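# Breakdown of the fold
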Amino acid sequence: MSASHDELESIETFMEWLEPNHPGETEFLQAVRGVAENVLDTVRETENYREQRILQRLTEPDRIIRFRVVWEDDDGIPRINRGYRVQHSNALGPYKGGLRFDPSVNQSILKFLAFEQLFKNSLTGLNLGAGKGGSDFNPKGRSDKEIMRFCHAFMTELARHIGQLTDVPAGDIGVGAREIGYLFGQYKRLENQFAGALTGKSVGAGGSELRIEATGYGAIYFLCGMLAEDGEEIDGKRIAVSGAGNVAVHAAEKAQSLGAIVTTLSNRSGTLVKEDGLSADDIGTVKSRYVGDLSAIAEAVSARWLQGEKPWRVGCDVAVPAATQNELDERDAGDLIDAGCRYVLEAANMPLTEAAAAAFEASGVAIAPGKAANAGGVAVSGFEITQNRLGRSWPRERLDTELRETMAGIFDRCKGRGRIDDRIDYRRGADIAGFDRVARAVLSFGTM
Ligand code: GLU
């Protein structure tokens, strides 16, 4: 092996090569390690990938933009936050990925999310590059006017870095249709263009039908594929969902409509439990009334409230972590395994710690990886871009058909590349299939 790719000798040598370039960025290093473990053999065996150092090149974002956001609170006091956009790769299309507004946001978290997005967007088969951005701004407890002023100030800087052929942000934690509305309004004002430079817009203001439901629905379509592969079906399965945001409630809604018994939803304060399963009306109540206090909703839907607890001790066939990164640790995995859980559907991005994932794998629990299972959201964002370019709005039925077909395609790619003897490692399949498409594109451009 030549000196230029000694780092490919083992996962440890690769991480030793990587770490000094990204000091202290634990989430980013965790995400890269996860992918590198799965693709290392393929990279070593493929001469072009090895010699052209494709994996090494793909770990380095094209650029990271960091900026100051100053906005005025309701008392007239200037507040200062940090804004970011990580433009990871435009090998497959314009940079694409959400914006997260949460106090936990930092460069490591956005770099890991942008890196995951690269494989996710590749798996969709659409022309979508990869990016992620956001701010450490905390929207919780802020008035509507404060959120508007923050979004306008954030976009005042971001606008010069995005565009429908350059970079197309969307929502993520803390950024929903309201925030996208304020962001898009400011973009439109600054650029004097009604262009599809953001997705997740509201329907009627350039947005797409089904975008809001797409991540959660798509995840359940992926789960149905996994169950069918094992000769099983979703009807009657006990499903525990974490989170109570957009992804969680729409995953719950779709699962319930297909006959599953959805027993939980949660937030950072605790877990809402209904052993007999949440009804469509219960889920509708969460959707329309939840703004932060889930215990109050538990009372409204006659559910139990477990203060300070996660949903993983309730007992289920399928666990659906749909909240945030590293939310499910080794102890939670142990509880789930002991209670007979057989499937984990990652609806959030990287919700399992490395130790939790290893525990599931050792116990034969099948994992649907987030970069495949939650790709429905960005896929419908891709359809929103297409509709904006065409100047047409597709009906909901058409979008649902497109979403189902996209998720089926992603499932087939994961299955095709993830088969090991008589079992399927969907995580490995997702990483190899996602990597392969980007790697071929990067090779075609020459050295850059
Ligand atoms: N934030 C979402 C994700 O993690 C959606 C991204 C998008 O629609 O661009 O995939």
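Scroll up to find the structure this text is about.
One structure accompanies this document, and this report is about it.

Cut-offs used in this document
Residues numbered from 1 in each chain as written. Predicted model: local features only at pLDDT ≥ 70, side-chain atom pairs only at ≥ 80, totals over all residues. Heavy atoms only, no water. Helix = DSSP H or I, 4+ residues; strand = E, 2+ residues; numbered from the N terminus. Rg over C-alpha atoms; globule rule 2.2 N^0.38 Å. Buried < 20%, exposed > 50% of the residue type's maximum accessible area, 1.4 Å probe, protein only. Contact = heavy atoms within 4.5 Å. Lys, Arg positive; Asp, Glu negative; His and termini not counted. Charge placed at Lys NZ, Arg CZ, Asp CG, Glu CD. Phe/Tyr/Trp six-rings, centres within 6.5 Å; stacked < 30°, edge-to-face > 60°. Lys NZ or Arg CZ within 6 Å of the ring centre and 35° of its normal. Pairing = 2+ DSSP bridges. Axes fitted to C-alpha atoms, helices over the stretch in contact; angles between N-to-C directions. Near = heavy atom within 4 Å. Polar contact = N/O pair within 3.5 Å; in protein donor to acceptor, adjacent residues only side chain to side chain. Areas by Shrake-Rupley, 256 points an atom, 1.4 Å probe, with all protein chains shown as cover. Nonpolar A, V, L, I, M, F, W, Y, C, P; charged D, E, K, R; others polar.

## Considerations on the overall build of the protein chain
A tally of regular secondary structure across the protein chain gives 17 helices and 14 strands. Over its C-alpha trace the protein chain gives a radius of gyration of 21 Å, about what one expects of a compact globule, namely 22 Å for 448 residues. Dimensions of the protein chain, computed from C-alpha atoms along their principal axes, come out at roughly 65 × 55 × 40 Å. In the protein chain, which comprises 448 residues, the proportion classed as buried is 57%. The long-range fraction of contacts in the protein chain, counting pairs at least 24 apart against all pairs at least 6 apart in sequence, stands at 71%. The protein chain carries 53 positive and 65 negative side-chain charges, and their two centres are separated by 6 Å.

## As for the packing of aromatic side chains
Applying the stated rule across the entire model yields 17 aromatic pairs. Between phenylalanine 28 and phenylalanine 115, the aromatic rings sit 6.0 Å apart at their centres with planes inclined by 80°, giving edge-to-face as the arrangement. Taken together, the residues span a long stretch of sequence, with phenylalanine 28 in helix α2 (residues 26–45) and phenylalanine 115 in helix α5 (residues 107–123) at a distance of 87 residues. Each member of the pair, phenylalanine 28 as well as phenylalanine 115, carries the same accessibility label: buried. Here phenylalanine 137 and phenylalanine 150 contribute two aromatic rings whose centre-to-centre distance is 3.9 Å and whose plane-to-plane angle is 5°, an arrangement assigned as stacked. With a gap of 13 residues between them, phenylalanine 137 in the loop between β4 (130–135) and α6 (144–158) and phenylalanine 150 in helix α6 connect regions that are remote in the sequence. Following the ring pairs from residue to residue traces out a cluster consisting of Phe67, Trp71, Phe101, Phe137, Phe150 and Phe154. Across the ring face of tyrosine 217, the terminal group of lysine 254 is positioned such that the distance to the ring centre comes to 4.4 Å. Here the guanidinium or amino end of arginine 398 rests over the ring plane of tryptophan 394, the centre of that ring lying 3.8 Å away.

## Observations regarding the sheet that holds strand β6 (residues 238–242)
Strands sit in the order β9-β8-β7-β6-β10-β11-β12 across an open sheet of 7 strands; the sheet is mixed. A single partner strand is all that each edge strand has here, and the edge strands are β9 (304–307) and β12 (366–368). On average, each strand axis in the sheet is inclined to that of its neighbour by 15°, with strand direction left out of account. Of the strand pairs in this sheet, β6 and strand β10 (residues 318–321) are connected by 4 bridges, and their pairing is parallel. Bridging across to β10, isoleucine 239 finds its partner in valine 318.

## Some thoughts on the site of the ligand
With respect to spatial proximity, 14 residues lie near the ligand, and among them Lys96, Lys120, Gly171, Asp172 and Ser381 are the closest. With respect to the ligand, the side chain of arginine 211 contributes an N or O atom lying 3.0 Å from an oxygen atom. In the model, an oxygen atom of the ligand is placed 2.6 Å from a nitrogen or oxygen of the serine 381 side chain. Relative to its unbound accessible surface of 290 Å², the ligand loses 94% to contact with the protein. Within the residue set of the shell around the ligand, elements represented by two or more residues are β3 (95–101), α5 and α15 (376–390). Split by residue class, the shell around the ligand holds 2 nonpolar, 7 polar and 5 charged.

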